[in-house]
Amino acid sequence: MPKAVAIVGQIVLYGAFAAFIGYFATYPRYRPIPDDAALIKLSMSHLGGRECRKRTPEELENMPRNMRAPLDCPRHRSDIKLEVDLDGQPLFSTIMQPTGLSKDGVSTVYKRFQLKAGSYRLSVRMNDNLINPGYNHVKEEQITLKPAQVLVIDFNPDKGGLFFRQ
Amino acid sequence: MVICHCYTDASHVSFHASLRSAAQMLFQRIEEFFDRFFGGSSNPLRHLGAMGLYFLWIIVGTGLYLYSVLDTSINGVYNSIGHLTREQWYLGGVLRSLHRYASDAFILVMALHLVREWAYGRYYGFRFYSWVTGVPILWLSYVSGISGYWIVWDRLAQFSAIASTELLDWLPIFSEPAARNFLTPDSISDRFFTMLVFIHLGIPLMLILGLWAHVHRISRVDYLPSRQMMLGTLATLLALALIKPALSDAPADLAMVSTQLRLDWFLLFIHPLTDVTSPAMVWSMLIAATALLFILPFLPHPKAEPVALVDQANCNGCSRCLADCPFAAITMAPHPSRPGYKIAIVAADLCAGCGICAGSCPSSTPFRSQERLVTGIDMPQLSVNDLRQQLEAKLSRLGGRSRIVVFGCSHGAKINALSSTDTAVISLACTAALPPAFVEYALRGGADGVMLASCRSGGCHYRLGERWTDERLNGRREPRLRSKVPLSRVHHLFASDNDNKLLAEALKTFRNRIENQQADDDPLPPYFRRNSYHA
Ligand code: HEM
Ligand code: SF4
Ligand code: SF4
């Protein structure tokens, strides 16, 4: 093959290589969510309550004096019950189990929901100590999600428990 | 004797085997098409490992520059990369683009290299070690590459960080979901960023160590592509960097999701894949693919060739076999019976059975009067003695106006079709398994010409054979073809198993040349072993 042809061939092949790399480095564009969608992220990391039991007077009587605590608290933590409703319809519900071998760690949840942008009534209920009935944390609010917006449902006892963050 | 490359159970060719050979055929065709323009020694497809290493050096060099000028804090990094790209586009910007495109190219050549080694059946037996050490490199490459995209801390980084941690959270490794780190703008910290930079610098270091191990068991590693290839590739990447500079997306904003991303499909394809399937599916695929790569060498494959054997009495410790063995299977040890001398030792698990060592041994010369030729290092499947007997027998049957002996290799062009009254053919595992003295022996034993048909340049199944043969014939490597041998009577052809037409034509041209040559330009005296022995 004449040298000139070989050189042209090389340029074409190197060019094809560059085009291939250059194209797939940014194309085709990826659309993780549609243009008019928004996200709700539910994410919590919370230590459940302890399922303590009141000791009976007889029990306390039989214990050494210095160990007579009125409550018997096991190491393990309670499961946490969580329910999320959107416009009155259940969106998600779960029972989060504590982590750790002896079930004494935090319970966690991470969940992502994609919905159309718009206005919704969002309500979240949580019970972090299943020894008690009902829900000890409740949060309900009318929310407005703009397209591509992320709303986070989190829990922080220092911030007053359940909260939404946009 | 033609060495059998057939499957042990010939009646049953597995799906894998037929897939593999189809892939090999395709790969070889494309490779040979590239040969036309690049030639074998500068054909990128024939040097994918070396190309990978070259890209890695570009990545390391440009990366060190970026690291030295960037402000790697969570708040500073985005602006400092943007500044570099805009204000210093001619240096920092170009280096940034090179860093990105070399990474993509690295991934691409790595994938091609893997497919090629598999397609050519180079993953089992003596290549087991190279193959298995290649697998972790895949993982390390992806971890370094993906983490690089996070450092920019733009929308793409945010997307990849969240998608990756969500994927990781599917595995029971963290007590708290790692994706919680990216919930809100204040949930990520400089500490996270320091860790990220640490990963992005640390993993490539492990990658380099891994690659060192990867090529540890072969000799004369193809560490860098030819100069022509390096220049061509660098010019290509530079042109790409100037035409399409690497840019950042909008700055990360954890309160928003991106609806459209300029995704790098080489490195980040895993995220869309997770979106269309599920984390469970992706992990299953990744684990299955990794397991498959590890298991592949244990699947049924052609039987290993017998390995080289050293003969104590005939090894003088010259180390030529050590120098020529492509698979670092030979070491030298003190000779057990000759004080002060060394002896070659063959590691059976590394030996490919190529016979290149037998071709390199000075004791392999056929000009020895012993009835049974025993050399220093030899192959049970076709010993140097067998080779001499075969040659002598074939020479004695040759007739016609010009008698030609063709030596070929079982991986290259099919020489058997050339066999005729005036042409003798002898097939070896590799042409470099032929001691060059055999060429002279054939010429002095009655042949008018000797043709050697090696694989195409860069295409030797045993990595280095065609190169050694060429250097030995041209007196650039021991054992040399003696300078008295007229090169006009020797032809060295480079041809693949697709080049059978070329082979036939080359023989015809060679024959013409010999027939038109003066008989008296041949100074070699005839040599007939039995006669000379009795004389
Ligand atoms: C980008 C990462 C990689 C680089 C830079 C690389 C580099 C190399 C180099 C330089 C060689 C020596 C080639 C020669 O001198 O003939 C080689 C050989 C080899 N590589 Fe890789 N490699 C990489 C990844 C892989 C992977 C992922 C696999 C497969 C799992 C693999 C399988 C092999 C095999 C089987 C050989 C042996 C070839 C032979 O013995 O002829 N490599 N590699
Ligand atoms: S047969 Fe090939 S691989 Fe084995 S020792 Fe000889 S040169 Fe090395
Ligand atoms: S080439 Fe032959 S003589 Fe030299 S070390 Fe190897 S086996 Fe021994």
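Residues numbered from 1 in each chain as written. Chains lettered and ligands numbered in written order. Predicted model: local features only at pLDDT ≥ 70, side-chain atom pairs only at ≥ 80, totals over all residues. Heavy atoms only, no water.

## Details of the overall build of chain A
If you tally the helices and strands in chain A, you get two helices and ten strands. Shown N-terminal to C-terminal, the secondary structure of chain A runs as helices and strands in the order α-β-β-α-β-β-β-β-β-β-β-β. The C-alpha radius of gyration of chain A comes to 28 Å, more than 25% above the 15 Å expected for a compact globule of 166 residues. For chain A, the C-alpha atoms occupy an extent of roughly 105 × 40 × 25 Å along the three principal directions. Counting only residues that meet the buried cut, chain A has 40% of its 166 residues in that class. A separation of at least 24 residues holds for 61% of the contacts in chain A among residues at least 6 apart in sequence. As displayed, chain A offers around 9,300 Å² of accessible surface, 55% of which is attributable to carbon and sulfur atoms. (Helix = DSSP H or I, 4+ residues; strand = E, 2+ residues; numbered from the N terminus. Rg over C-alpha atoms; globule rule 2.2 N^0.38 Å. Buried < 20%, exposed > 50% of the residue type's maximum accessible area, 1.4 Å probe, protein only. Contact = heavy atoms within 4.5 Å. Areas by Shrake-Rupley, 256 points an atom, 1.4 Å probe, with all protein chains shown as cover.)

## Overview of the overall build of chain B
On a plain count of helices and strands, chain B comes out with 18 helices and eight strands. If you line up chain B on its principal axes, its C-alpha atoms span 100 × 55 × 45 Å. Within chain B, the proportion of its 535 residues that are buried is 54%. Within chain B, contacts between residues separated by at least 24 positions form 73% of all contacts whose residues are at least 6 apart in sequence. Carbon and sulfur atoms make up 63% of the accessible area of chain B, which amounts to about 24,100 Å² in all. Between the averaged position of the 47 positive side-chain charges in chain B and that of its 41 negative side-chain charges there is a distance of 9 Å. (Lys, Arg positive; Asp, Glu negative; His and termini not counted. Charge placed at Lys NZ, Arg CZ, Asp CG, Glu CD.)

## Concerning the coordination of the iron atom of ligand 1
Residue and element names in this part refer to chain B. Of the protein atoms, only H113 (NE2) and H214 (NE2) coordinate the iron atom of ligand 1, at distances of 2.0 Å. Classification of the site at the iron atom of ligand 1 rests on its six donor atoms, whose angles at the metal span 83 to 179 degrees, yielding the label octahedral. Of this pair, H113 sits in helix α4 (residues 89-119) while H214 is found in helix α7 (residues 190-214), placing the two residues 101 residues apart along the sequence. Overall, the relative accessible area of 23% leaves H113 in the partly exposed class. (Donors = N, O, S within 2.8 Å, 3.2 Å for Na, K, Ca; no water. Tetrahedral: all angles 85-135°; square planar, octahedral: opposite > 155°, others 65-115°.)

## Notes on the domain arrangement of chain B
Residues and elements named next belong to chain B. Domains assigned within chain B are domain 1 (15-298) and domain 2 (309-534). Inter-centroid distance (C-alpha atoms) of domain 1 to domain 2 is 44 Å. Contact residues are listed per partner, giving 18 residues for domain 1 and 24 residues for domain 2. Put simply, domain 1 and domain 2 have two salt bridges between them. Between D35 and R456 there is a salt bridge whose closest N-O contact spans 2.8 Å. Scanning the region where domain 1 abuts domain 2 turns up eleven residue pairs in polar contact (both at pLDDT 80 or more). With four residues, the top contributor of residues to the side of domain 1 that touches domain 2 is helix α1 (residues 15-38). (Domains from an automatic or database assignment. Salt bridge = Lys/Arg side-chain N within 4 Å of Asp/Glu carboxyl O. Polar contact = N/O pair within 3.5 Å; in protein donor to acceptor, adjacent residues only side chain to side chain.)

## A word on the site of ligand 3
As a structural note, the neighbourhood of ligand 3 is formed by 13 residues, with C315, C318, S319, C321 and C361 of chain B the closest of them. Among the residues making up the shell around ligand 3, the classes are represented as eight nonpolar, four polar and one charged. (Near = heavy atom within 4 Å. Nonpolar A, V, L, I, M, F, W, Y, C, P; charged D, E, K, R; others polar.)

## Some thoughts on the sheet that holds strand β7 (residues 449-454) of chain B
Residue and element names in this part refer to chain B. Overall, parallel pairing links the four strands, which are arranged β6-β5-β7-β8 in an open sheet. The open sheet has two free edges, formed respectively by β6 (423-428) and β8 (490-494), since each of these has just one partner strand. Mean inter-strand twist for the sheet, computed between neighbouring axes without regard to direction, equals 15 degrees. Across five bridges, β7 lies against β8 in parallel orientation. (Pairing = 2+ DSSP bridges. Axes fitted to C-alpha atoms, helices over the stretch in contact; angles between N-to-C directions.)

## Topic: the pairing of strand β5 (residues 89-96) of chain A
Residues and elements named next belong to chain A. With seven bridges connecting them, strand β4 (residues 80-86) and β5 associate as antiparallel partners. Bridged to L86 within β5 is Q89. The hairpin formed by β4 and β5 contains two residues between the paired strands, and D87 there has a positive phi angle of roughly 50 degrees.

## Considering the side chain of T259 of chain B
Structurally, the position occupied by T259 of chain B is in the loop between α8 (227-243) and α9 (265-268). Its relative accessible area of 18% is what places T259 of chain B among the buried residues. A distance of 3.5 Å separates the side chain of T259 of chain B from the side chain of D35 of chain A, its partner in a polar contact. The contacts of T259 of chain B, once residues within four sequence positions are left out, are Y30, R31, P32, I33, P34, D35 and A148 of chain A.

## Brief notes about the sheet that holds strand β8 (residues 137-145) of chain A
Residue and element names in this part refer to chain A. The four strands lie next to each other as β5-β4-β7-β8, forming an open sheet whose pairing is antiparallel. Either end of the sheet is taken by a strand with one partner, and the two such strands are β5 and β8. Taken over all neighbouring pairs, the strand axes of this sheet differ in orientation by 15 degrees on average, direction set aside.

## Considerations on the pattern of salt bridges
All names here are of chain B. According to the stated counting rule, one finds 30 salt bridges over all chains in the structure shown. For the salt bridge of R116 with E117, the shortest nitrogen-to-oxygen distance reads 4.0 Å. Both residues of the pair, R116 and E117, count as buried. Salt bridges linked by common partners bring E31, E32, D35, R46, R116, E117, R456 and D499 together as one network.

## Considering the interface of chain B and chain A
On the chain A side, the residues contacting the 44 residues of chain B number 43 residues. Here chain B packs against chain A, burying approximately 4,000 Å² in sum over the two surfaces, 65% of which is carbon and sulfur. Sorting the residues of chain B by area buried against chain A places F37, T259 and W265 of chain B first, and these three jointly supply 15% of that buried surface. Between E166 of chain B and R112 of chain A there is a salt bridge, with the nearest N and O atoms lying 2.8 Å from each other. Along the contact surface separating chain B from chain A lie 15 residue pairs in polar contact (both at pLDDT 80 or more). Within the residue set of the side of chain B that touches chain A, elements represented by two or more residues are α1, α4, α6 (155-169), α8, α9 and α10 (270-276) of chain B. Of all the elements, α8 of chain B adds the most residues to the side of chain B that touches chain A, at six residues. (Buried area = accessible area lost by both parts, 1.4 Å probe.)

## Notes on the packing of helix α2 (residues 48-69) of chain B against α4 of chain B
All names here are of chain B. Taken N-terminus to C-terminus, the directions of α2 and α4 make an angle of 155 degrees; their axes are 8 Å apart at the nearest point. As the angle between them shows, α2 and α4 are arranged roughly antiparallel. As α2 runs across α4, the sense of the crossing is left-handed. (Parallel < 35°, antiparallel > 145°, perpendicular 65-115°, else oblique. Left-handed = near helix turned anticlockwise from the far one by under 90°.)

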